Amino acid sequence: MIKNTKVLALAGLLLSGMCSSALAQDIHPVGKDIASSPESTAPAFHNQPKESELAALSYVNQPPMVPHSTKNYQVTKNTNQCLNCHSVQASRTTGATRISPTHFASRDGVISGEVSPRRYFCVQCHVSQSDVEPIIENEFKPLPGYGDK
């Protein structure tokens, strides 16, 4: 019994060695011109409109989509360019949609005068809208009363 186990183990090692050398021979080098590869094509969803109307919501508590391009907006731990227009104070003069009161509550429910750290990075939830074909088809249906413009 022990001899058979050793023979099977040795056979397994030999087979795995043969397979790995066969796989190594099937490696294909990447083309010389990476710029012409399909992976270098800019996806359509990066072509954001300059300005548009607010998109209809599709479900309860959906973060509203951004009706303008956010390309080159800086949102870091020290700077949030979204707040230049959307803060409570700035929205009065810019006419931009004011940041939601929910963004001032901490995870413990404590309300403060500053945007909560968990709501500070706007583009994690709010994305710019683009009129493009979906990359992957889906069967999502908006809730009744939602998704209408």
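The structure presented is a predicted model; accordingly, all values stated were derived computationally and were not measured.

## Here's the deal with the overall build of the protein chain
Logical step 1: Scanning the protein chain from terminus to terminus reveals 3 helices and 0 strands.
Logical step 2: Each helix and strand of the protein chain, ordered N terminal to C terminal, gives the series α-α-α.
Logical step 3: Considering the protein chain as a whole, with its 149 residues, one finds that 16% of them fall into the buried category.
Logical step 4: Of the contacts made within the protein chain by residues no fewer than 6 positions apart, 49% connect residues no fewer than 24 positions apart.
Logical step 5: With an accessible surface of roughly 12,500 Å², the protein chain has 59% of that area assigned to carbon and sulfur atoms.

## Examining a nonpolar patch on the surface
Logical step 1: There is a patch of nonpolar side chains on the surface, built from Tyr59, Val60, Phe140 and Leu143 and spanning about 370 Å² of accessible area.
Logical step 2: Looking at the secondary structure, you find Val60 in the loop between helix 1 (2-25) and helix 2 (83-86).

## Quick word on the UniProt feature "binding site: heme c 1" (unreviewed entry) in the protein chain
Logical step 1: Cross-referencing UniProt, the feature "binding site: heme c 1" (unreviewed entry) maps to His68, Cys82, Cys85 and His86 in the present numbering. Separation in sequence by 19 residues is not matched in space for these annotated residues, since their most distant C-alpha atoms are only 12.9 Å apart.
Logical step 2: Assignment of secondary structure puts His68 in the loop between helix 1 and helix 2.
Logical step 3: Turning to its location among the elements, Cys82 is positioned in the loop between helix 1 and helix 2.
Logical step 4: Since its relative accessible area comes to 9%, Cys82 is described here as buried.
Logical step 5: Every residue in contact with Cys82, bar those within four places of it in the chain, is listed here: Tyr73, Val75 and Cys122.

## Some words on the environment of Thr79
Logical step 1: Its place among the elements puts Thr79 in the loop between helix 1 and helix 2.
Logical step 2: Overall, the relative accessible area of 29% leaves Thr79 in the partly exposed class.
Logical step 3: Expressed as a C-alpha distance, the spacing of Thr79 and Tyr120, which sit 41 residues apart in the sequence, is 9.7 Å.
Logical step 4: Beyond its immediate chain neighbours, meaning those up to four positions away, Thr79 contacts Gln74 and Tyr120.

## Brief notes about the packing of aromatic side chains
Logical step 1: Tallying each qualifying case throughout the model produces 1 aromatic pair.
Logical step 2: Here Tyr120 and Phe121 contribute two aromatic rings whose centre-to-centre distance is 5.2 Å and whose plane-to-plane angle is 90°, an arrangement assigned as edge-to-face.
Logical step 3: With a relative accessible area of 16%, Tyr120 lands in the buried category.
Logical step 4: The exposure class assigned to Phe121 is partly exposed, which follows from its relative accessible area of 30%.

How each quantity is defined
As a convention, each chain's residues are numbered from 1 in the sequence order in which they are written. Note on the predicted model: pLDDT of at least 70 is required for a residue's local features to be given, and 80 or more for side-chain atom pairs to be given and counted; whole-chain, interface and lining totals, by contrast, use all residues. Side-chain numbers here rest on the full set of heavy atoms in the structure, without hydrogens or water. Working definition: helices are DSSP H or I runs of at least four residues, strands are E runs of at least two. Numbering for both runs from the N terminus. Burial here depends on accessible area, computed with a 1.4 Å probe over protein chains only, as a share of the maximum for the residue type. Under 20% is buried, over 50% is exposed, and the range in between is partly exposed. Only heavy atoms matter for contacts: two residues are in contact if any of them lie within 4.5 Å across the pair. Each accessible area value is a Shrake-Rupley result obtained with a 1.4 Å probe; residue values ignore everything except the protein chains displayed when judging cover. Patches were defined on residues exceeding 30% relative accessible area and lacking a salt bridge, with like-charge contacts within 9 Å and nonpolar side-chain contacts (Val, Leu, Ile, Met, Phe, Trp, Tyr) within 5 Å. By definition, a salt bridge exists where a carboxyl oxygen of Asp or Glu is found within 4 Å of a side-chain nitrogen of Lys or Arg. UniProt positions are given in the numbering used here, feature names are shortened, and annotations may be inferred rather than shown by experiment. Aromatic pairs are defined between Phe, Tyr and Trp rings, using the six-membered ring for Trp, whenever the two ring centres lie within 6.5 Å; interplanar angles under 30 degrees are classed as stacked, those over 60 as edge-to-face, and all others as tilted.

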